[in-house]
Amino acid sequence: SLVVIWAGIGIAKDTLKPLLGEPTSPADYEKISSFVEGYEGIVGSHDLIVHNYGPGRNMASIHAEVPNDVDIEESHEIIDRIERDAIRQIGVFLVIHMDPVETKDEKVLEIRKTVEDSIKKIDSDVTIHDFRVVEGKERINLIFDMVVPFTYSKEEQKQLECQVRSSLSRQDSRYQCVITVEQSYVAQGEEG
């Protein structure tokens, strides 16, 4: 009877784990991200979350980055096409959120590179997205989301955020960071 109970617990764990949520495998992340980013008019993607409801029943949401100077209806048509194609071509019901991003303003792109380089020096596994610059007379607000590995604790997230703020303010005292810290939904330590 102990063997039956132990087997039952194992089956329950295996069944509930995907339903309750677990990180996406790197292979699935790459497959879906590459699919979305393969369309002309998409300059990047982030925040991919995959839900597995059994064999052949996958649903995912992702944020697709589009240039902020392209007509919204044109970008929306691209997003609709990707969602339709995803069901047929990769078997995933995909819901896409559209994020406009700066692709031409050299000053903003240079500041973003500075932020990315500063973060990479602290932890090369951390990425950013939804980057915006709001320039005032006496300060420059850097607004962005910072994605940390799934394994980061709340304390590690706070430490990293403090380190990033400190590093950037040393580079330019006008920099004021508005950071939203998110945990990655991609599993680490697995090869796809």
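Residues numbered from 1 in each chain as written. Predicted model: local features only at pLDDT ≥ 70, side-chain atom pairs only at ≥ 80, totals over all residues. Heavy atoms only, no water.

## Thoughts on the packing of aromatic side chains
Then, in step 1: As enumerated under the stated definition, the model contains 2 aromatic pairs in all.
Then, in step 2: Where Phe-35 meets Tyr-39, the ring centres are 5.6 Å apart and the plane angle is 70 degrees; that geometry is what we call edge-to-face. With respect to class, Phe-35 is no different from Tyr-39; both count as buried. (Phe/Tyr/Trp six-rings, centres within 6.5 Å; stacked < 30°, edge-to-face > 60°. Buried < 20%, exposed > 50% of the residue type's maximum accessible area, 1.4 Å probe, protein only.)

## A short note on the environment of Lys-31
Then, in step 1: Looking at the secondary structure, you find Lys-31 in helix α2 (residues 26-37).
Then, in step 2: Here the alpha-carbon distance between Lys-31 and Ala-64, two residues 33 residues apart in the chain, equals 14 Å. (Helix = DSSP H or I, 4+ residues; strand = E, 2+ residues; numbered from the N terminus.)

## Comments concerning the environment of Gln-163
Then, in step 1: Note on placement: Gln-163 falls in helix α5 (residues 154-171).
Then, in step 2: Through-space distance from the C-alpha of Gln-163 to that of Val-36 is 33 Å; in sequence the pair is 127 residues apart.

## Thoughts on the nonpolar core
Then, in step 1: Formed by 19 residues in total, the largest nonpolar core has its most connected members in Val-115, Ile-119, Phe-131, Leu-142, Phe-144, Met-146 and Val-164.
Then, in step 2: Those elements giving two or more residues to this core turn out to be α4 (106-122), β4 (127-135), β5 (140-148), α5 and β6 (175-183).
Then, in step 3: Excluding anything up to four places from it in sequence, Phe-131 contacts Val-108, Ile-111, Arg-112, Val-115, Leu-142, Ile-143 and Phe-144. (Core = buried A, V, L, I, M, F, W, Y, C linked by side-chain atoms within 4.5 Å. Contact = heavy atoms within 4.5 Å.)

## Concerning the sheet that holds strand β1 (residues 44-52)
Then, in step 1: If you trace the 3 strands from one edge of the open sheet to the other, you get β1-β2-β3, paired in mixed fashion. At either margin of the open sheet sits one strand with a lone partner, and together these are β1 and β3 (92-101). Neighbour-to-neighbour, the strand axes of the sheet open up by a mean angle of 15 degrees, direction not taken into account.
Then, in step 2: Summarising the sheet, strand β2 (residues 58-67) and β3 pair through 10 bridges and their orientation is parallel. From the neighbouring strand, Pro-67 faces β3, where its bridge partner is Val-101.
Then, in step 3: On top of the sheet, α2 reaches β1, β2 and β3; it is set at about 130 degrees to β1, its chief contact.
Then, in step 4: Across the sheet, helix α3 (residues 72-90) is in contact with β2 and β3; its angle to β3 comes to roughly 155 degrees. (Pairing = 2+ DSSP bridges. Axes fitted to C-alpha atoms, helices over the stretch in contact; angles between N-to-C directions.)

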